[in-house]
Every structure is written in structure tokens, then in C-alpha cells.
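Given next are the chains, with one letter for each unit.
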Amino acid sequence: MLDIISLHKSYGQNHVVRDVNLQIAKGEFFCLLGPSGCGKTTILRMIAGFEKATSGTIMLDGADITHLPPNKRDVNTMFQNYALFPNFNVAENIAYGLKMKKTPRQEIADRVDKVVRLAGLSGLEERMPAQMSGGQQQRVALARALINEPRVLLLDEPLSALDKKIAEQTRIELAELQRQVGITFIFVTHNQTEALALADRIAIMNNGVIEQCDTPRNIYEHPRTRFVADFIGNMNMLQGRVTSVAQGVATVDLEGAGQVILSQCDKPAAGTSVLFCIRPERMKLSLLEPKGYENGLRATVKSKLYVGDTTHYQVQLQCGAMIKVIEQNYLLQLSNEFYDIGEEVFINWSQTSGELVHV
């Protein structure tokens, strides 16, 4: 539905978006994720028409909209600060765009009623923005954007002003609303939890380029670059070199830490320098050496932090590298395997866990 082709934006010598290519499907909940200053909001503003592309093309349903003004694009934007009119009530805020288009009064009333129900605002139509919570204001802004029935809705950090509990509830409501209306959502955020929870696909940006574009699961489980591995969630990373690859099994020599084996892995080639990446929750501590299809490294417990459902351990390998291990406490209670600071242990994990990333 939306094709972004070789999109580039620069301000003088400052290149903020570099040769970005994306295809976004009709009805998809798509997320641009990355740290501040990576170029994600600039892409959103170019799609909306608020910024002019230095070069490249933006296609919507086969039509070139690259140089169209914002009001000529079938795209609506929900801004970070909501931009509600303080002297209009809820219904008036929502209806504003239709009134500017001189839509018939009865059609306005019908469409306002529909989006009010969709956004969970029934009974609040007469309330003023100042009388509403942040979460309610966010829903008003969303309803105002949806009432025009755009083909694409752009959302610029819409949950950033909400406290954690309200933001979590709003995420659920936003995902359900998007499924109901079937409109393509393009969501910009620096919050990885939001992106993983909401998106059908995520494009992770860094310094104006897309590092990886994939499903949330593939991005979390199979990062392709060091930046993605480090940016999403907690990740242990160790330098290594592939010593052999045969029949889908790779052997990696970790610098000073030992040797590990990865099954279901047929690349990179032997001799390649890599980062071995593994999530803390994929590992476990044990007093026993690994058996069967497990890897294991000797380590010493340096710290532990009990946080209710999990215990977070910091352990030091014999080479000096620090590794984080997150254990589920209900499993520790079943096995009675709690470890003390200074205790000598093995870090064990399955040969199917972990990922190799080119250095």
C-alpha cells in the first residue's frame, strides 16, 4: 500500500535519513523504532508532507505523493502533544476536520457517534480537554484522526506523555482499535516495549538507516546487527571466531572464555569473526557441568538481585567478561537452586539458543 523508495533527507551536510526503502501493507500496524535523532520522525513527517524529501519517492496505492501538500494526501497524523483545541469539547474536537470539509451535518453526527464508540469515549462528548485525563485526551486525538477515514494514520510517540500504567492499558486499546478499523498505522517510538507489543513489523533505525526490518519475534530472537542486538532487550555479547561449520552445526571459539556449539546454524563461514549473542533468560545457572545438547561455561556469581518473579544474576567468566542471567523464581523454588555471591557455577544453555552476528 505504501512504498518508500530510496528516501533521503539532508539539512546541508547533515544526512538524517539515508536511502530508506520500505513496503508497508494495507491494514498493517508498522513501527519505526530507534533512539532519539535516528531519523524516524523525519520519515513520518515526509510521509505526512510536513517535510520535503531531498530525494526519493513516496507512493500510496500506486500514486506518487512525494511532492503533494499535506491536505492532498489521504494520510492523517496524530501528534505527540495531541494538539486538541482547549475551547472545544470532545465532540467538537473530533468533528473539526469534517466541518472544515463542509461535510453535511447529519453525516458529521453519524461519524462522530461511530468513532466516539470505537474510541471508548461514550458519555464524554460534552467534556472539555482540561477536564480529561491524559489517556482520555489521547483517545480524543485518535478519534479526531480516524474520523476522516484516512488510508494511513501516522502516530508520533502517542503514548510518551502517559504514565506507565495508563500507557500499558492504552497499548491494549490501541491494538484492538487498529484491528477494528483496519487502517494502516505507522507508529513512531523509541520505546522497544511498545514496538514489540503493538507492531506487525518493526523497522529499527540508527543514524538515518534501517538496521533491520522484521517481525517483533524475529528481531528479538534473531538480530542481524550488533546495534539491533544491543538495542532490543537485554543481550549478552561475546567476541568469537567460527572454527567450523558442518551440517547446520557451528563451533565458535569465544576469546578466552571457551568453546560453544550452535545447532540450526549454517553461517557464517569458518574463520569469520563474530559476536555470540544470547538473551539472559535463555541461560541458567547450575552446579553441574552441561550435558547432552547444552553449552556451558565456568563462572563466579558476582551479584544477584531479587525482583519478585525473577532473580537477576551477574556472573564473571574465567576470561573476566561479565554475563547477565535471569532466572524465573518459581523454577528456582521448585529445584531449590538459589546461588550466593562468590559461588562457583556453570552457565548452561541449549545449543539452539544464541545468535551469531557479523562484527
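Up top is the structure these notes are about.
The structure presented is a predicted model; accordingly, all values stated were derived computationally and were not measured.

Colleague: Any chance you could explain the packing of aromatic side chains here in plain terms?
Modeller: Applying the stated criterion across every chain, the model contains eight aromatic pairs. Centroid distance Tyr 313 to Tyr 339: 6.2 Å. Interplanar angle 65 degrees. Geometry classified as edge-to-face. One end of the pair, Tyr 313, is in strand β17 (residues 310-317); the other, Tyr 339, is in the loop between α9 (329-335) and β19 (344-350), with 26 residues separating them in the sequence. Tyr 339 shares its class with Tyr 313; the two are buried. Taken together through their ring pairs, the aromatic side chains of Phe 29, Phe 185 and Phe 187 make up a single cluster.

Colleague: Just checking my understanding: could you explain the sheet that holds strand β4 (residues 55-60) for this structure?
Modeller: Pairing is antiparallel in the open sheet, where four strands are placed in the order β2-β1-β4-β5. Each end of this open sheet is capped by a strand with a single partner; those strands are β2 (14-24) and β5 (63-64). With two bridges joining them, β4 and β5 adopt antiparallel strand pairing. Looking across to β5, one finds that Met 59 is bridged to Asp 64. In the packing of helix α1 (residues 40-48) onto the sheet, contacts are made with β1 (2-11), β2 and β4, and the angle to β1 comes to roughly 115 degrees.

Colleague: Just checking my understanding: could you explain the nonpolar core for this structure?
Modeller: For soluble globular proteins, nonpolar side chains are generally found buried alongside one another. The biggest cluster of nonpolar side chains holds 46 residues, and the ones touching the most others in it are Ile 94 and Leu 121. Of the residues forming this core, the biggest block, six residues, is contributed by helix α4 (residues 134-146). Residue contacts for Leu 121: discarding those within four places in its chain leaves Val 90, Ile 94, Val 116, Met 132, Gln 136, Arg 139, Val 140 and Ala 143.

Colleague: For this particular structure, what's the right way to read the sheet that holds strand β15 (residues 284-286)?
Modeller: Within a beta sheet, neighbouring strands are joined by backbone hydrogen bonds and run either parallel or antiparallel to one another. Judged by pairing direction, the sheet is antiparallel, and its five strands sit side by side in the order β15-β19-β16-β17-β18 without closing on themselves. Taken across any chain shown, the strands that pair with only one partner, and hence form the sheet edges, are β15 and β18 (322-328). Each neighbouring strand pair of the sheet contributes to a mean axis angle of 50 degrees, computed without reference to strand direction. Taken together, the seven bridges between strand β16 (residues 294-306) and β17 define a ladder with antiparallel strand orientation.

Colleague: Help me out: how do you make sense of the packing of α4 against helix α5 (residues 164-181) in this one?
Modeller: The relative placement of two packed helices is expressed as an angle between their axes plus a distance between the axes. Direction vectors running N to C along α4 and α5 enclose 20 degrees, while the axes themselves pass 11 Å from each other. Judged by the inter-axis angle, α4 sits roughly parallel to α5. In terms of crossing hand, the pair formed by α4 and α5 is right-handed. For the pair formed by α4 and α5, the contact residues are Gly 135, Gln 138, Arg 139, Leu 142 and Leu 146 on the first element and Ile 166, Thr 170, Glu 173, Leu 174, Leu 177 and Val 181 on the second. Here the contact of α4 with α5 is composed, by residue class, of six nonpolar, three polar and two charged.

Colleague: When you look at the pattern of salt bridges in this model, what are you seeing that I'm missing?
Modeller: Where side chains of opposite charge bring their charged atoms close, a pairing between them can arise. Evaluation of the coordinates by the stated rule reveals 13 salt bridges. A salt bridge links Arg 224 to Asp 214; its shortest N-O distance comes to 3.1 Å. Here Arg 224, found in the loop between α7 (216-221) and α8 (226-231), pairs with Asp 214, found in strand β10 (residues 209-214); they are 10 residues apart in sequence, far enough to count as distant. By relative accessible area, Asp 214 is classed as buried at 13%. Residues Arg 282 and Glu 221 are paired through a salt bridge, measuring 2.6 Å at the closest nitrogen-oxygen approach. In this pair, Arg 282 is assigned in the loop between β14 (273-278) and β15 and Glu 221 in helix α7, connecting sequence segments 61 residues apart. Take Glu 221: its relative accessible area is 24%, and that puts it in the partly exposed class. Residues participating in the shared-partner salt-bridge network are Lys 9, Arg 45 and Glu 51.

Colleague: What is the right way to look at the environment of Gln 131 in this model?
Modeller: Summarising the element assignment, Gln 131 is placed in the loop between α3 (105-118) and α4. It is 22 Å that separates the C-alpha atoms of Gln 131 and Leu 174, two residues lying 43 residues apart in sequence.

Reading the values: rules and limits
- Residues numbered from 1 in each chain as written.
- Predicted model: local features only at pLDDT ≥ 70, side-chain atom pairs only at ≥ 80, totals over all residues.
- Heavy atoms only, no water.
- Phe/Tyr/Trp six-rings, centres within 6.5 Å; stacked < 30°, edge-to-face > 60°.
- Helix = DSSP H or I, 4+ residues; strand = E, 2+ residues; numbered from the N terminus.
- Buried < 20%, exposed > 50% of the residue type's maximum accessible area, 1.4 Å probe, protein only.
- Pairing = 2+ DSSP bridges.
- Contact = heavy atoms within 4.5 Å.
- Axes fitted to C-alpha atoms, helices over the stretch in contact; angles between N-to-C directions.
- Core = buried A, V, L, I, M, F, W, Y, C linked by side-chain atoms within 4.5 Å.
- Parallel < 35°, antiparallel > 145°, perpendicular 65-115°, else oblique.
- Left-handed = near helix turned anticlockwise from the far one by under 90°.
- Nonpolar A, V, L, I, M, F, W, Y, C, P; charged D, E, K, R; others polar.
- Salt bridge = Lys/Arg side-chain N within 4 Å of Asp/Glu carboxyl O.

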